[in-house]
Amino acid sequence: NLSVSAAEITSLNGAQITSGSVPDSALSANVALLNRTPQHFTGINTFAGNVGIGTTTPGFPLNLASVLGDKIALYGNSGSHYGLGVQPGLLQIYTDGSGSDVAFGYGQSSPMTETMRIKGNGYVGIGTSTPAAPLDVFSSGFPSALIDGSNIVGTWLDLRNTSAGGETWQFIST
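These remarks concern the structure in this document.

Parameters and conventions
- Residues numbered from 1 in each chain as written.
- Predicted model: local features only at pLDDT ≥ 70, side-chain atom pairs only at ≥ 80, totals over all residues.
- Heavy atoms only, no water.
- Patch = residues over 30% accessible without salt bridge, like charges linked within 9 Å, V, L, I, M, F, W, Y side chains within 5 Å.
- Areas by Shrake-Rupley, 256 points an atom, 1.4 Å probe, with all protein chains shown as cover.
- Salt bridge = Lys/Arg side-chain N within 4 Å of Asp/Glu carboxyl O.
- Helix = DSSP H or I, 4+ residues; strand = E, 2+ residues; numbered from the N terminus.
- Buried < 20%, exposed > 50% of the residue type's maximum accessible area, 1.4 Å probe, protein only.
- Phe/Tyr/Trp six-rings, centres within 6.5 Å; stacked < 30°, edge-to-face > 60°.
- Pairing = 2+ DSSP bridges.
- Axes fitted to C-alpha atoms, helices over the stretch in contact; angles between N-to-C directions.

## Some details on a nonpolar patch on the surface
Here's step 1: On the surface, a cluster of nonpolar side chains totalling about 520 Å² of accessible area is made up of I147, L157, L159, W169 and F171.
Here's step 2: Taken together, the elements giving at least two residues each to the nonpolar patch come down to β10 (155-160) and β11 (168-173).
Here's step 3: By the element assignment, W169 lies in strand β11.
Here's step 4: Classification of W169 as exposed rests on a relative accessible area of 56%.

Listed below in structure tokens is the structure:
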């Protein structure tokens, strides 16, 4: 049974340790996974296997606890923020307020080539970042929109005015 102080240890081969423990105070700040709360990691950290946050049995490379609510805050630390959440039967992608939008595209954050935007007011723009209606499609190509169907009766497009006295227009391609 060997007893030495932390000051007396100049090098340590972890493969030769078969039992016992070393208190955090005796470890260098460079040692990963110190027994501290909260944990702070800097630099590049590599983990083999699955990592769990709020779960001790992760089944995927990154696994969050199986509880409903906010899951990932992408920007902001509390309150209204940009993030991802889960509710029963629903994956949520949200912003910090009704004046903020969600955009889809390719490339990288700046510059990103935007292909679709969902405005905070619910308007959807495809090919435009400033939709002027609940669905606004812009294309310089032909056709601007395409509706396919495989029903033997035909492909239907209904335009409905649901106000009092409103009309319904049906376009049918057989």
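Having seen the structure, we can now continue with the description.
## Here's the deal with the packing of aromatic side chains
Here's step 1: For the coordinates displayed, the defined rule picks out 1 aromatic pair.
Here's step 2: Between Y75 and Y82, the ring centres sit 5.9 Å apart and the planes meet at 70°, which makes this aromatic pair edge-to-face.

## Concerning the sheet that holds strand β9 (residues 135-137)
Here's step 1: Here 4 strands make up an open sheet; going across it, the order is β6-β7-β8-β9 and the pairing mixed. At either end of the open sheet lies a strand with only one pairing partner, and these are β6 (102-107) and β9. Here the average twist between neighbouring strands, direction ignored, is 25°.
Here's step 2: Note that strand β8 (residues 124-126) and β9 share 3 bridges and pair parallel. Looking at the pairing, I126 lines up with V137 of β9.

## Quick word on the sheet that holds strand β5 (residues 90-94)
Here's step 1: Spatially, 3 strands are ordered β3-β4-β5 in an open sheet, and the strand pairing comes out antiparallel. Among the strands making up the open sheet, the edge pair consists of β3 (69-75) and β5. Each neighbouring strand pair of the sheet contributes to a mean axis angle of 15°, computed without reference to strand direction.

## Description of the environment of F47
Here's step 1: When you line up the elements, F47 lands in the segment before β1 (51-53).
Here's step 2: Since its relative accessible area comes to 44%, F47 is described here as partly exposed.

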